[in-house]
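# Structural description and commentary
For reference, the chains in residue letters:
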Amino acid sequence: MNSAAATFETIALSIEAGIARVTLKRPEVRNAFNEAVIAELTTVFAQLGDDDSVRAIVLAAEGKAFCAGADLNWMKSMASYSWEENKADAGRLAQMLWTIYRCPQPVIARVQGDAYAGGVGLLAVCDIVVAVDTAGFCLSEAKLGLLPATIAPYVVRALGEQASRRYFVTAERFSAQEAHRLGLVHELTSADSIDEKIATLLGAISANGPAAVRACKRLVQDVAHQAITAELRDDTARRIADIRASDEGREGVQSFLGKRAPNWLPSSKD
C-alpha cells in the first residue's frame, strides 16, 4: 500500500515514514458505527496488516467524540431485522474488532473525546490507549435493553473482570482518570499534548526491530491467561529460538555488541 493510500467514505488513511494513521471522519454523528464504517475499518486494517513497511498504526477520530457506539439511523434499520440478520450484522462487527486486535503492527488509539458502547470496544482492541483527561467512557448498552456482547472479550481483558461486572450492569459513565486507574487507558494527557505523547510512543516502537515488535504483540495475546504448561514452555522456547536465528535477531545482537545502530534505524542507513 503506497502513501497515497486508498480513498474511503467514512475514514481517512495516510501513511508516512512507516506510520499509518486511520481517522474516523463522521464527527456530525460522533463517529458512530454503521455498516460502512465497519466494512471500511475491516478492509483498511486487513490491508495495513499485510504491509510490512508499516511499523505502527494510529487510530484517531475527528470532532469532539472518539466514537459514540452504534449510529442511531443504523439502529433504526436493525429494528426490523430477523434473528438471522441480527446475527450476521453482529458477526461483521465481531470480525472488524478481531481484525484490528490481530493486526500484526501495534495500534495506538488517540482518544481525543468520549468513547461510548462500541467505542469502548474499539479502543479496547488497540494495544496502547492515549486519552485526553476530559474524555468520558460508558458501556451504555444496558440502558437500551441490550448488552455489550461482541466487544466483551476485549473490554473485559482491557478493563478487568471486576470493573466490567460493575460497568456492564450499571451503564454508568466513568472518567478518563478512572479508566486510567483501571488500566483501560495507558496514558492521560491534555488535548494540547496528546500528539506529543503519541509521537514519543511511535519513536519508541520505531527504534525496535520490526519483526520483534510484531512477535512481541502476538506473544502477549497468545500467552495471556494461559496455564504454564509444558506445551506453553516449549512454545515460548521455540519462539525465542526462531527470532534469535533470524536475520533481524542476529543483526540486533551484533549491533548491540558492536556498539552501533542496528540496520533498521534510519541513522544507520544514511
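A short tour of the structure in this document, coming up. All figures in this text were calculated on a predicted structure; none of them were measured in a lab.

The packing of two helices is summarised by the inter-axis angle and the distance between the axes. Packing of helix H1 (residues 35-49) against helix H3 (residues 83-101) brings their axes to within 9 Å, and their N-to-C directions diverge by 30°. Taken as axis vectors, H1 and H3 run roughly parallel relative to one another. For the pair H1 and H3, the crossing hand works out as left-handed. Between H1 and H3, the contacting residues are Glu35, Ile38, Leu41, Thr42, Phe45 and Ala46 on the first element and Asp89, Arg92, Leu93, Gln95, Met96, Thr99 and Ile100 on the second. Of the residues that constitute the contact of H1 with H3, the class distribution is 7 nonpolar, 3 polar and 3 charged.

So, on to a nonpolar patch on the surface. Taken together, the side chains of Val253, Phe256 and Leu257 define a hydrophobic patch exposed on the protein surface, amounting to about 380 Å² of accessible area. Classification of Leu257 by relative accessible area gives exposed; the value is 64%.

In this section: the sheet that holds strand E9 (residues 173-175). Strand order across the open sheet formed by 4 strands is E4-E6-E8-E9, with mixed pairing between neighbours. The outermost strands of the open sheet, each flanked by one partner alone, are strand E4 (65-67) and E9. Each adjacent strand pair in this sheet contributes to an overall mean axis angle of 20°, direction not counted. The sheet contact formed by E4 and strand E6 (residues 114-116) spans 2 bridges and is parallel. Following the sheet pairing, Cys67 is matched in E6 by Ala115.

Cut-off values and rules
Every chain is numbered independently, its residues counted from 1 as its sequence is written. In keeping with the model being predicted, local features are shown solely for residues with a pLDDT of at least 70 and side-chain atom pairs are shown and tallied solely at 80 or more, while totals for entire chains, interfaces and linings include all residues. In computing side-chain values, all of the structure's heavy atoms are included and hydrogens and water are not. All axes are obtained by fitting lines to C-alpha atoms, using only the stretch in contact for helices, and the reported angles, taken between N-to-C directions, cover 0 to 180 degrees. Here a strand is any run of E in DSSP of at least two residues, a helix any run of H or I of at least four, and the numbering for each starts at the N terminus. The cut-offs work like this: below 35 degrees is roughly parallel, past 145 is roughly antiparallel, 65 to 115 is roughly perpendicular, and the gaps in between are oblique. Note: crossing handedness is left-handed where the near helix turns anticlockwise from the far helix by less than a right angle, and right-handed where it turns clockwise. Only heavy atoms enter the contact rule, under which two residues are in contact if any of them lie within 4.5 Å. Think of it as three bins: nonpolar holds Ala, Val, Leu, Ile, Met, Phe, Trp, Tyr, Cys and Pro, charged holds Asp, Glu, Lys and Arg, and polar takes everything else, Gly as well. Like-charged residues are merged into a patch within 9 Å and nonpolar side chains (Val, Leu, Ile, Met, Phe, Trp, Tyr) within 5 Å, provided each residue has over 30% relative accessible area and no salt bridge. Computed with the Shrake-Rupley method and a 1.4 Å probe, the accessible areas treat only the protein chains shown as cover for residues. Just to be clear on terms, a salt bridge is a Lys or Arg side-chain nitrogen sitting within 4 Å of an Asp or Glu carboxyl oxygen. Accessible area is worked out with a 1.4 Å probe on protein chains only. A residue is then buried under 20% of its type maximum, exposed over 50%, and partly exposed in between. Strands qualify as paired when DSSP identifies two bridges or more between them.

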